[in-house]
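# Tertiary structure, described
Listed below are the residues making up each chain.
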Amino acid sequence: MNNTFISFLAECKKFFRSKVPLVTMLAVIIIPFIGGFFMLILKDPKLAQRMGIISAKAQIMGTADWPSYLGLLAQAVSIGGLIIFGFVASWIFGREYSDRTIKDLLALPISRSSIVMSKFLLVFVWCVILSAFVFVLGLVVGDVVDIPGKGEGILQEGLTVFVVCSLLTILLSTPVALFASIGRGYLSPFGFMIFTVVLAQIVAAAGYGHLFPWSVPALASGAAGSDAAVLETASVIIVLITSMFGLIGTMLWWRYADQN
Amino acid sequence: MNEVISTTGLTKVYGRVLAVNDLSLSVKKGEIFGFLGPNGAGKTTTIRMLLGMVSPTSGRCFVLGKRISAGSTALWNDVGYIVETPHSYPELTVRENLEIVCSLRGIENKSRVEWIMGKLKLNRYACIKARHLSTGNAQRLGIAKALIHRPKVLILDEPANGLDPEGIIEVRELLRGLAKDFGVTILVSSHRLDEISRMATNIAIIHQGRLIKELDAKRLEQELKKSLVIGGKDKAAMASVITKAGYKVKMSREVATDIPLDLRIDDKDALENPEAIVTLLVNAGHPPNLVRIEKEDLEAYFIRTIKEAGGNYYE
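## Side note on the environment of Val-188 of chain B
Residues and elements named next belong to chain B. On the secondary structure map, Val-188 appears in strand E8 (residues 185-190). Note on Val-188: relative accessible area 0%, which makes it buried. Val-188 has contacts with Ile-32, Phe-33, Gly-34, Phe-35, Leu-156, Pro-159, Ile-196 and Met-199, leaving out every residue within four places of it along the chain.

Spelled out as structure tokens, the structure:
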């Protein structure tokens, strides 16, 4: 069996015996329900009036239809995903330092690169599962709320945007792993995640979001307005370079840095 | 190949701190090599360098003839280790933690987990999560992880930490058996000489990153200072008689009251012929009521060695 796969199975065992899968699953469950709730309010203006501040926020979403709803899901996974997917990456890497189990992984017949790759593989797989869960649950919630304007083309387009946004957001979890490794725990990656989310808003507002990797998924989801929801090739390349930087940086850190 | 672990001019500098200074060691097959030093002496840093976790600033280290680097993966099939306090995945049980080590080490024989739990008396705790283990049992689990793949080389950093006296004896016997019956080479660090001296065939003492003494168990026995301790009613008069006979005598006194406790003679001649001293005192009318040869205690030897090398144990 391939060393990375062996290590991946061990990582799965550690991960699924922890509370992180449950916590992250509960965190993403909120997304479709909030989206459905907004749609419900938009569908019923009288209820919206009675809701006060929440209805005011809900109006931002525009109209109660499937394109708006799917756009909302894509935006939520682009912004919320930075935190939730980042949390998954920071835990998978940072826990080895916090629990002081890292030393058990450093002198094994399996190379450190394989171990790092298996951890990234788990981050990717779990974040894809979370994203798929959000979308599928989103469809169910949308049907229950009876959002109007459902069509195959709309769903297909919504799915494409959602998948692109999810993948871009997942790709951005590799630098979090690097910060977890350098910072030897959870604190540094959390600080890094909050910093990037805040900075992404500022940079996007300044009009340079397409050049800042952490703004790109949200822009692609249409968070800055559907007119701005155009994904430039340069933006994708910037996200890929950032992701590669995180991946290679983490591997090099595990391979060459002193592990005290 | 006789030399299993070796270091040449191994040095590690952290900023301005010289953690390990030009350390050269050689451990041969089947030896239990006691690596001694007070806390902060550089033992763990040396062990981390031997395991490729820390890169030396200069110098080299070899295990089983292969130069150590972070990339030497195949070598670790033959090496088991503990670095500082062993930690395990808290949400996994003892058995699951061992199963993870088995899979990462490519051990397909599933009975190995039961075997090692039996050896370390962990069967009772097989289904207990690691977070609920006592310090001693967590240490046993750490030792189990180090031994599960039946390595040819064991590098153990303070393996007896947290164990109760019974556990210390069990682990000592286990390690002795591995070295004697299976030719396993063991480098074991500790800050306690008495613990190490009971099992080590060779001992190295390190202080402030520097090797200050390397000797085998037989030599250690010879190096321990011996004194002829004599007691009697009039210790001052007895000291005078002994001094007149040409021996150097020291009188130990109680610290609080300054009352003489006993007389101590370190002369080789007196140690070899204590009866001559007894005859001398009896003839002078001061028969002794206590005569015994006292050997320096190991901790005292350890501290003396460090002091002789210009260090302070408490630094």
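## Let's talk about the packing of helix H2 (residues 94-104) of chain B against helix H3 (residues 111-119) of chain B
Residue and element names in this part refer to chain B. The geometry of H2 relative to H3 is characterised by a closest axis approach of 10 Å and an angle of 125 degrees between their N-to-C directions. Considered as vectors, H2 and H3 are oriented oblique to each other. Read as a crossing pair, H2 and H3 show a hand that is right-handed. Between H2 and H3, the contacting residues are Val-94, Arg-95, Leu-98, Glu-99 and Cys-102 on the first element and Val-113, Glu-114, Ile-116 and Met-117 on the second. Classifying every residue of the contact of H2 with H3 gives 6 nonpolar, no polar and 3 charged.

## Comments concerning the pairing of E8 of chain B
Residue and element names in this part refer to chain B. Counting buried positions along E8 gives 6 out of 6 residues, so the element sits mostly inside the fold. As paired strands, strand E3 (residues 32-36) and E8 are joined by 5 bridges and run parallel to one another. In the strand pairing of E8, Phe-35 is matched with Ser-189. Of the pairings in the sheet, the one linking strand E7 (residues 153-157) to E8 comprises 5 bridges and is parallel in character. Following the sheet pairing, Leu-154 is matched in E8 by Ile-186. The handedness of the E7 to E8 crossover, carried by helix H5 (residues 165-182), is right-handed.

## Regarding empty space enclosed by the protein
With the rule as written, the count across this model stands at 3 cavities of 30 Å³ or more. Considered as a void within the structure, the largest cavity measures approximately 230 Å³ in volume. If you trace the largest cavity, you find 19 residues lining it, with Asp-104 of chain A together with Tyr-81, Val-101, Lys-145 and Ala-146 of chain B closest to the centre. Those elements giving two or more residues to the lining of the largest cavity turn out to be strand E6 (79-82), H2 and helix H4 (135-147) of chain B. Among the elements that take part in the lining of the largest cavity, H2 of chain B stands out by supplying 4 residues, more than any other. Approximately 50 Å³ is the volume found for the second largest cavity. Residue assignment for the lining of the second largest cavity shows that the elements contributing at least two residues are helix H5 (66-98) and helix H9 (187-205) of chain A. At 4 residues, H5 of chain A tops the list of elements feeding residues into the lining of the second largest cavity. When its residues are assigned to classes, the lining of the second largest cavity shows 6 nonpolar, 5 polar and no charged.

## Regarding the pattern of salt bridges
Overall, the coordinates contain 25 salt bridges over all chains when judged by the stated rule. Taking the shortest distance from any N to any O, the salt bridge between Asp-104 of chain A and Lys-145 of chain B comes out at 2.6 Å. Here Asp-104 of chain A is found in the loop between H5 and helix H6 (112-145), whereas its partner Lys-145 of chain B is found in helix H4 on a different chain. Since its relative accessible area comes to 9%, Lys-145 of chain B is described here as buried. What emerges from the salt-bridge pattern is a single network uniting Glu-11, Lys-14, Glu-96 and Lys-119 of chain A.

## Some remarks on the interface of chain A and chain B
The partner chain B presents 31 residues to the 29 residues of chain A that form the contact. Across the interface of chain A and chain B, roughly 2,800 Å² is buried in total on both sides, 53% from carbon and sulfur atoms. Remark: the boundary between chain A and chain B carries 5 salt bridges. Residue Arg-95 of chain A is joined to Glu-91 of chain B by a salt bridge in which the shortest nitrogen-to-oxygen separation is 2.8 Å. The tally of links between chain A and chain B comes to 17 residue pairs in polar contact (both at pLDDT 80 or more). Contributing elements (two or more residues each) for the side of chain A that touches chain B: helix H1 (3-16), H5 and helix H11 (233-256) of chain A. By residue number, the principal contributor to the side of chain A that touches chain B is H1 of chain A, which donates 5 residues.

## Looking at the sheet that holds E8 of chain B
Residue and element names in this part refer to chain B. In space, the 6 strands of this open sheet follow the order E6-E7-E8-E3-E9-E10, with mixed pairing throughout. Single-partner strands in this sheet number two, and they are E6 and strand E10 (210-216). On average, adjacent strands in this sheet sit at an angle of 15 degrees to one another, irrespective of strand direction. Docked against the sheet, H4 engages E6 and E7, running at close to 165 degrees with respect to E6.

Scoring rules and cut-offs
Residues numbered from 1 in each chain as written. Chains lettered and ligands numbered in written order. Predicted model: local features only at pLDDT ≥ 70, side-chain atom pairs only at ≥ 80, totals over all residues. Heavy atoms only, no water. Helix = DSSP H or I, 4+ residues; strand = E, 2+ residues; numbered from the N terminus. Buried < 20%, exposed > 50% of the residue type's maximum accessible area, 1.4 Å probe, protein only. Contact = heavy atoms within 4.5 Å. Axes fitted to C-alpha atoms, helices over the stretch in contact; angles between N-to-C directions. Parallel < 35°, antiparallel > 145°, perpendicular 65-115°, else oblique. Left-handed = near helix turned anticlockwise from the far one by under 90°. Nonpolar A, V, L, I, M, F, W, Y, C, P; charged D, E, K, R; others polar. Pairing = 2+ DSSP bridges. Right-handed = clockwise from strand over helix to strand, strands pointing away. 1 Å grid on protein atoms, 1.4 Å probe; cavity = no way out; pocket = protein on both sides within 12 Å on 5 of 7 lines; lining within 4 Å. Points joined across faces, edges and corners; volume = space filled by probe spheres on them. Salt bridge = Lys/Arg side-chain N within 4 Å of Asp/Glu carboxyl O. Buried area = accessible area lost by both parts, 1.4 Å probe. Polar contact = N/O pair within 3.5 Å; in protein donor to acceptor, adjacent residues only side chain to side chain.

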